[in-house]
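What follows is the residue order along each chain.
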Amino acid sequence: MKYFDMHCDTLTESLKSGKSFFDGSLQSSVKNLEKSGCAAQCFAIFTQGDSAAAFFDESFNYYKNTLESGAEKLVSVTTAADLAACVNGQRTGAVLTVENLGFLHGDTDRLFSLAEKGVKMASLVWNFENEFAYPNIVFENGLPKFEKRERRGLKTAGRKAVEALDSLKIIIDLSHLSDGGAEEILQNRKTPVVASHSNAAEVCNVSRNLTDEQIKMIADCGGVVGVNFCKDFLGSGTTAAQTFDEVYRHISHIINVGGEDVVALGGDFDGIPPCAGLEDCAKLPNLFNYLSDRGISGKIAEKLLYKNFLRVFKDVCGE
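Residues numbered from 1 in each chain as written. Predicted model: local features only at pLDDT ≥ 70, side-chain atom pairs only at ≥ 80, totals over all residues. Heavy atoms only, no water.

Q: Give me the lowdown on unusual backbone geometry, citing residues and values where you can.
A: The phi dihedral of Asn141 is positive, around 55°, even though this residue is not glycine. In this fold, Asn141 is placed in the loop between β6 (138-140) and β7 (143-145). Residue class for Asn141 comes out exposed when judged on its relative accessible area of 83%. Its identity as a non-glycine residue notwithstanding, His176 has a phi of 80°, on the positive side. Within the secondary structure, His176 sits in the loop between β8 (171-173) and α7 (179-186). (Helix = DSSP H or I, 4+ residues; strand = E, 2+ residues; numbered from the N terminus. Buried < 20%, exposed > 50% of the residue type's maximum accessible area, 1.4 Å probe, protein only.)

If you want it as structure tokens, here you go:
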């Protein structure tokens, strides 16, 4: 069953660890993507820390070289036509994204260079405050307090970045963004945005998950929520059956709140510890069969697996 996945950290993990991008040693390695039937994978360049700017450049060059060396298995996706072709194609599509624009240090003019490099989706912030925004994790004495939610909104540079990203046709990713920042972006919004790897707070009450109001607002602007497979954000299950049930409950809740056009996949592979039943993306067909048995099949399954994200990509990035 073909699918798109909106977020993984495989690019970063491969570069940092030295593990092969292609063999089965990474959760979303090319070999595992092929086993899973993946039509297209969003590969995030994750940046954080003092050397983030240099690491972005290194990561981009690594990504470009990887596409060249794996051209028989990977194909670059920059348009909606490219993405649509992946559903029936023989190669896995690769979509370049950025997780955490903090390395720009508030300089929105530098977003133009990201567009030139083919970046198609970007988030303003990760788990720590930067010049653009605040994260949706609150820290006390250096420890995350997942039961608390951050109400502060965007900073001035963050508002400018939102305008620039929209003008550059780069999809805005709300995952990791504070409640205040997300709601500021979503207020009266017409252009779709995504939460590339976030779940439902009503199912698992942690601040990394979305409130029902946020899900509704994302749906109202035509956006999508990519369900995350991180155990901490799914629930407390320890077996494959429990994991699949938790994924089902998040998907069902998101659909019940925002409709069948708002749900997608954003597994977060290679950014999360192995989860029972979903140790890597090659296990995804087992999940898809389970979801089908629970009634998520046919038209709804197609929307979940690839049509919803394809629609957003077309609406924001163009044909």
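That was the structure; now back to the text.
Q: Tell me about the layout of surface pockets, and please be specific about residues and values.
A: If you add up the space inside the largest pocket, you get close to 360 Å³. Lining the largest pocket are 21 residues, with Asp9, Trp126, Asn127, Asp268 and Gly271 sitting closest to its centre. Elements that contribute at least two residues to the lining of the largest pocket include exactly α1 (10-17) and α9 (231-234). The residue makeup of the lining of the largest pocket, split by class, is seven nonpolar, six polar and eight charged. (1 Å grid on protein atoms, 1.4 Å probe; cavity = no way out; pocket = protein on both sides within 12 Å on 5 of 7 lines; lining within 4 Å. Points joined across faces, edges and corners; volume = space filled by probe spheres on them. Nonpolar A, V, L, I, M, F, W, Y, C, P; charged D, E, K, R; others polar.)

Q: How would you summarise the pairing of strand β4 (residues 92-99) if you had to cite specific residues and measurements?
A: Counted residue by residue, β4 has eight buried out of eight residues, so it is predominantly covered. Summarising the sheet, strand β2 (residues 38-46) and β4 pair through seven bridges and their orientation is parallel. When the bridges of β4 are listed, Ile45 appears paired with Val98. Examined bridge by bridge, strand β3 (residues 74-76) and β4 share three bridges and lie parallel to one another. Of the residues in β4, the one forming a bridge with Ser76 is Ala94. Handedness of the crossover joining β3 and β4 through helix α4 (residues 80-86) is recorded here as right-handed. (Pairing = 2+ DSSP bridges. Right-handed = clockwise from strand over helix to strand, strands pointing away.)

Q: So what about the packing of aromatic side chains? Which residues, and what values?
A: Counted according to the given criterion, the structure contains 13 aromatic pairs. Ring centres of Tyr3 and Phe288 lie 5.5 Å apart, and the angle between their planes is 65°; on these two criteria the pair is classed as edge-to-face. Note that Tyr3 is positioned in strand β1 (residues 3-5) and Phe288 in helix α11 (residues 284-293), a separation of 285 residues in sequence. A relative accessible area of 0% places Tyr3 in the buried class. For Phe288, a relative accessible area of 4% corresponds to the buried category. Ring centres 5.2 Å apart and planes at 15° place the aromatic pair Phe128 and Phe139 in the stacked group. Placement of Phe128 in the loop between β5 (121-123) and β6 and of Phe139 in strand β6 is noted, with a sequence separation of eleven residues between them. (Phe/Tyr/Trp six-rings, centres within 6.5 Å; stacked < 30°, edge-to-face > 60°.)

Q: I'd like a description of empty space enclosed by the protein, backed by residues and values.
A: Gaps between atoms show up when a probe of the same size as a water molecule is rolled over them. Evaluated as defined, the whole model comprises two cavities of 30 Å³ or more. In this structure, the largest cavity encloses a volume near 40 Å³. The wall of the largest cavity is formed by Asn136, Arg149, Leu174, Leu177, Asp179, Ala182, Ser207, Arg208, Asn209, Leu210 and Gln214. Class assignment of the residues belonging to the lining of the largest cavity gives a composition of four nonpolar, four polar and three charged. Size it by volume and the second largest cavity reaches roughly 40 Å³. If you trace the second largest cavity, you find it lined by Met6, His7, Thr97, Val98, Glu99, Met121, Ser123, Asp173 and Ser196.

Q: For the nonpolar core, give the residues involved together with the corresponding values.
A: In this structure, Phe4, Leu101, Leu124 and Phe229 are the most contacted members of the largest nonpolar core, which totals 103 residues. A per-element tally of this core places helix α12 (residues 298-317) first, with nine residues. Non-local contacts of Phe4, meaning those with residues more than four positions away in its chain, are made with Ala39, Ala40, Leu83, Cys86, Val87, Leu265, Leu305, Tyr306, Phe309 and Leu310. (Core = buried A, V, L, I, M, F, W, Y, C linked by side-chain atoms within 4.5 Å. Contact = heavy atoms within 4.5 Å.)

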